[in-house]
Amino acid sequence: MAPNMAKWDHEEIFPVDVMQKAAALGFGAVYCQEECGGTGLGRLEASVIFEALSQGCVSTTAYISIHNMCAWMLDTFGNIQQREKWIPKLASMETLASYCLTEPDSGCDAASLTTSAVRNNDHYVLNGTKMFISGGGEADVYVVMCRTGDSSPKGISCILVEKGTTGLNFGKKERKMGWNSQPTRAVIFEDCKVPVTNLVGMEGEGFSIAMRGLNGGRINIASCSLGAAQASVELARDHLNFRKQFGEKLANFQYLQFQLAEMATGLVASRLMVRNAAVALQHNRSDAIELCSMAKLFATDECYKICDQALQMHGGYGYLKDSAVQQYVRDLRVHQILEGTNEMMRLLVSRDLLKL
């Protein structure tokens, strides 16, 4: 991945062939059960995998992590027929998945979504628009949160929509600051007719399914941040040992030594928080949601600072597109926004502490 990272970014290439090679190593359905084709690992192992992969390309790894989240939702909440149909294909990444929750007027307030699914005999008819969908237009199946009932969270259900379904359309490919190796589009439903057999779980369980998926998604995206920060620390270290100013290597300047030490310390602290939250989530501990929120908040903020400081250490060279560190900075910025903004993470943590 690493040798192609810049090319994929510059040319906006979605490297499906490379992702399928990753899937052949077991990375397409990391924490899905083995009985239906998953790899059968846990959240801790997934965190280690996504950190390692993201050193090669954050954007591509982030999509793989979202695909894994979708696969887990189907494996956990789908019936046996759905699991047997989808998990093997998702595990191989022969079939790609996208997660559809956000809407033009429904971001952090996810429970206010308005995309509707009206049952008509043996079908649902979907109408509405989802925004900022990773893999939009390229993915083969869309895990869609839509309203089948009243305006409360209990009125939301989870329905699978396959690419090629009549009434499923896509917006233009968005031009983004980072994450350029994966396409982002609006997903539009216009009288989109879907069989009732595509309902995941029961009607009214969609919001719970979405939130449980996001708990893991927060660990995944934080893990991707760890990989970029690790790579950036190594790049900064190598640059300090190579670059000379005032007749000395930059590595000999105590100020820069201290900065590098702080970067490494922040990285290790972030990694420990993420791994701790991953274990809590794997074992369904009562504090898992709080720990996932804390880890996502701390690690994505801290790792972005680390990458930004690494760019600063590179000076003008770090600002050039030939530099890997600038791509890490651009790719990591969105991690503080998606899977629940870091402001929402603060809200979740504070609510838990105050028992609100």
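Cut-off values and rules
- Throughout, residues of each chain are indexed from 1 in the direction in which the sequence is written.
- Confidence filtering applies because this is a predicted model: local features only for residues at pLDDT of at least 70, side-chain atom pairs given and counted only at 80 or more, and all residues used for totals across whole chains, interfaces and linings.
- No hydrogens and no water enter the side-chain calculation; it runs on all heavy atoms of the structure.
- Under the DSSP-based scheme used, a helix requires at least four consecutive residues in state H or I and a strand at least two consecutive residues in state E, with every element numbered from the N terminus.
- Here the radius of gyration uses the C-alpha set of atoms, whereas the globule reference equals 2.2 Å times the residue count to the power 0.38.
- Think of it in three bands: residues with accessible area under 20% of the maximum for their type are buried, residues over 50% are exposed, and the middle band is partly exposed, with areas taken using a 1.4 Å probe on protein chains only.
- By definition in these notes, contact holds between two residues if any of their heavy atoms fall within 4.5 Å.
- Method for areas: the Shrake-Rupley scheme with a 1.4 Å probe, in which residue coverage is limited to the protein chains shown.
- Only buried Ala, Val, Leu, Ile, Met, Phe, Trp, Tyr and Cys residues count toward a nonpolar core, and they belong to the same one when joined by side-chain atoms within 4.5 Å.
- Any two rings among Phe, Tyr and Trp, with Trp reduced to its six-membered ring, count as a pair given centres within 6.5 Å; such a pair is stacked if its planes are under 30 degrees apart, edge-to-face if over 60, and tilted if neither.
- Note on criteria: charge over ring means Lys NZ or Arg CZ within 6 Å of the ring centre, with the direction from the centre no more than 35 degrees off the ring normal.
- Two cysteine sulfur atoms make up a disulfide if the distance between them is within 2.5 Å.
- The pairing criterion is simple: DSSP has to find at least two bridges between the two strands.
- An expected span of 1.5 Å times one less than the residue number is assigned to each helix.
- Two joining distances apply to patches: 9 Å for like charges and 5 Å for nonpolar side chains (Val, Leu, Ile, Met, Phe, Trp, Tyr), and every residue must have over 30% relative accessible area and no salt bridge.
- The working definition used for a salt bridge is a side-chain nitrogen of Lys or Arg within 4 Å of a carboxyl oxygen of Asp or Glu.

Asks: Provide a residue-level description of the overall build of the protein, including the pertinent values.
Replies: A count of helices and strands for the protein gives 10 helices and 10 strands. Relative to its length of 356 residues, the protein is compact, with a C-alpha radius of gyration of 21 Å against a globular reference of 21 Å. With respect to the principal axes defined by its C-alpha atoms, the protein has extents near 80 × 45 × 40 Å. Buried residues in the protein amount to 55% of all 356 residues. Sequence-distant contacts, at least 24 apart, represent 73% of the contacts inside the protein between residues at least 6 apart. If you sum the accessible surface of the protein, you get close to 15,700 Å²; carbon and sulfur atoms cover 54% of it.

Asks: Now, about the nonpolar core: what can you tell me, with residues and values included?
Replies: Core analysis: the biggest nonpolar cluster contains 108 residues, and Tyr99, Leu126, Met145, Ile159 and Val161 have the highest contact counts within it. Counting residues per element, this core draws most heavily on helix α6 (residues 206–242), at 15 residues.

Asks: Explain the packing of aromatic side chains residue by residue, including any values.
Replies: Taken as a whole and judged by the stated rule, the model has four aromatic pairs. Ring geometry for Tyr142 against Phe170: centres 5.6 Å apart, planes inclined by 45°, an arrangement best described as tilted. Placement of Tyr142 in strand β4 (residues 141–147) and of Phe170 in strand β6 (residues 168–170) is noted, with a sequence separation of 28 residues between them. A relative accessible area of 27% places Phe170 in the partly exposed class. Just above the ring of Trp72 sits the side chain of Arg43; from NZ or CZ to the centre is 4.7 Å. Over the ring of Trp86 we find Lys89; its NZ or CZ atom is 4.7 Å from the centre of that ring.

Asks: Before we move on, could you go through the state of the cysteines and cite the residues and values that matter?
Replies: What the rule picks out here adds up to zero disulfides. This cysteine, Cys32, is not joined by any disulfide, and Cys36 carries the nearest cysteine sulfur, 9.2 Å off. Left without a disulfide partner, Cys70 is nearest to the cysteine sulfur of Cys100, which lies 7.8 Å away.

Asks: Mind laying out the pairing of β4, listing which residues take part and the relevant values?
Replies: Counted residue by residue, β4 has seven buried out of seven residues, so it is predominantly covered. The alternating pattern of β4 places Val141, Val143, Met145 and Arg147 and Tyr142, Val144 and Cys146 on opposite faces, both of which are buried. As paired elements, strand β1 (residues 97–100) and β4 share four bridges and run parallel to each other. Within β4, the residue paired with Ala97 across the bridge is Val141. Where β4 meets strand β5 (residues 156–162), seven bridges bridge the pair, whose relative direction is antiparallel. When the bridges of β5 are listed, Cys146 appears paired with Ser157.

Asks: Break down helix α3 (residues 43–56) for me, citing the residues and quoting the values.
Replies: An ideal rise of 1.5 Å per residue puts 20 Å on 14 residues; α3 measures up with 20 Å between its terminal C-alpha atoms. Those residues of α3 that are buried are in contact with α1 (5–11), α4 (58–77), α6, α7 (254–282) and α9 (324–333).

Asks: Describe a nonpolar patch on the surface, with residues and values.
Replies: A cluster of nonpolar side chains, Leu353, Leu354 and Leu356, forms an exposed patch at the surface whose accessible area comes to about 380 Å². Within the secondary structure layout, Leu356 lies in the segment after α10 (342–354).

Asks: Which residues make up the pairing of β5, and what values do they have?
Replies: With six of its seven residues buried, β5 lies for the most part within the structure. For β5 and strand β8 (residues 199–200), the ladder comprises two bridges, and the chain directions are antiparallel. In the strand pairing of β8, Cys158 is matched with Val200.

Asks: Run through the pattern of salt bridges, naming residues and quoting values.
Replies: One pass over the full model with this rule turns up 14 salt bridges. Notably, a salt bridge pairs Asp9 with Arg330, separated by 2.8 Å at the nearest N-O pair. Here Arg330 lies in helix α9 and Asp9 lies in helix α1, a separation of 321 residues in the sequence. Each member of the pair, Asp9 as well as Arg330, is classed as buried. The partner of Arg346 in a salt bridge is Asp301, and the shortest N-O contact between them spans 3.4 Å. Of this pair, Arg346 sits in helix α10 while Asp301 sits in helix α8 (residues 288–314), placing them 45 residues apart in sequence.

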